[in-house]
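Each chain, written out:
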Amino acid sequence: SSGTNNYLGLFTNTTDLGNSVLYQNGGKIGLNTVNPLDYFHVAFNDATGNFTGYSVQNMGGGATSYSGMLFYDQTNALVQFQGFNNSTHEYRINNIASNASINFMLGFASKFQVRSDGDINIAGSIRKGGTLFLHNLGTQNTALGVNALTASSGSNNTATGTAALQNNTTGAQNTATGTLALNSKTTGGSNTASGDGALMLNTTGSFNTANGAM
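Residues numbered from 1 in each chain as written. Predicted model: local features only at pLDDT ≥ 70, side-chain atom pairs only at ≥ 80, totals over all residues. Heavy atoms only, no water.

Student: Explain the side chain of Thr33 residue by residue, including any values.
Tutor: In this fold, Thr33 is placed in the loop between strand E3 (28–31) and strand E4 (40–42). Looking at Thr33, its side chain comes within polar contact range of the main-chain nitrogen of Asn35, at 3.1 Å. (Helix = DSSP H or I, 4+ residues; strand = E, 2+ residues; numbered from the N terminus. Polar contact = N/O pair within 3.5 Å; in protein donor to acceptor, adjacent residues only side chain to side chain.)

Student: Tell me about the pattern of salt bridges, and name the residues and values.
Tutor: The tally for this structure, following the rule as stated, stands at two salt bridges. Across the pair Arg92 and Glu90 runs a salt bridge whose closest N-O atoms are separated by 3.1 Å. For Glu90, a relative accessible area of 30% translates into the label partly exposed. Residues Arg115 and Asp117 are paired through a salt bridge, measuring 2.4 Å at the closest nitrogen-oxygen approach. Its relative accessible area of 38% is what places Arg115 among the partly exposed residues. (Salt bridge = Lys/Arg side-chain N within 4 Å of Asp/Glu carboxyl O. Buried < 20%, exposed > 50% of the residue type's maximum accessible area, 1.4 Å probe, protein only.)

Student: Please set out the sheet that holds E4 residue by residue, giving values where relevant.
Tutor: The four strands are arranged E1-E2-E3-E4 in an open sheet whose pairing can be described as mixed. A single partner strand is all that each edge strand has here, and the edge strands are strand E1 (7–11) and E4. Strand-to-strand, the axes of this sheet are offset by a mean angle of 30 degrees, without reference to chain direction. Note that strand E2 (residues 17–25) and E3 share four bridges and pair antiparallel. Its bridge partner being in E3, Leu22 is matched across the sheet by Leu31. (Pairing = 2+ DSSP bridges. Axes fitted to C-alpha atoms, helices over the stretch in contact; angles between N-to-C directions.)

In C-alpha cells, the structure reads:
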C-alpha cells in the first residue's frame, strides 16, 4: 500500500506501509499536526485533564532514580537538570552552569529569581493568604507583618507587626513595632511606637514616642 508525502511510515500489517501520526514539515516534526510550530510539536484534543501531551517514566526504584529532562549548551556541556525522584518524591531544578540562576518570569519580566550567589530577587511583595506580609510600598518604607503599612504612600516608615501603621497614607519617618502599633496613623510624622497597640489611636500627630502595650 502507499502513504502520503511527508508522513512518517507506519506498518499497517506485516508488509504494507501507511501514514503514522507523525508528519515532517521543513525539518520540524508534528504529532497529529501537519503544521508544527517548533522542532517537535504535539497537538491533541483532551478536555478531561488526564493528558498533558508529554509524559516520562523511570521504572527504577533506587535513590538516584530520576525522570525528567537534561539541558545542554552550544558546546554540548550539561548545564541544567530538572526532574522527579522516584525514592524521595523530590522535584529538582538544578542549574549547574557557571554564574547560573533560575528565573521565573511573566510577560518577559522577571518576577522571582534565584541568583548565582544564592540570594533571592523578587519584583513585588510577599503575601500570606493573599494579604500583604512583606513589602516596601511607598518610598523607602519597610513593612513586615500582615496588613502592615498597606495604605502607605509616605516615605522612610518602618512597620513591624500585624496591622502596624496600617492606615498610614502620607506620613513620613514613623517607626512602629508591635501589633496595631500606630494603626490609625494617617499623615503625621516622626513618631515612634513600640509595643502592641502603642499609639494605636494617634492619627495626625507628630514627634510622639510611646513604649509599651496600649
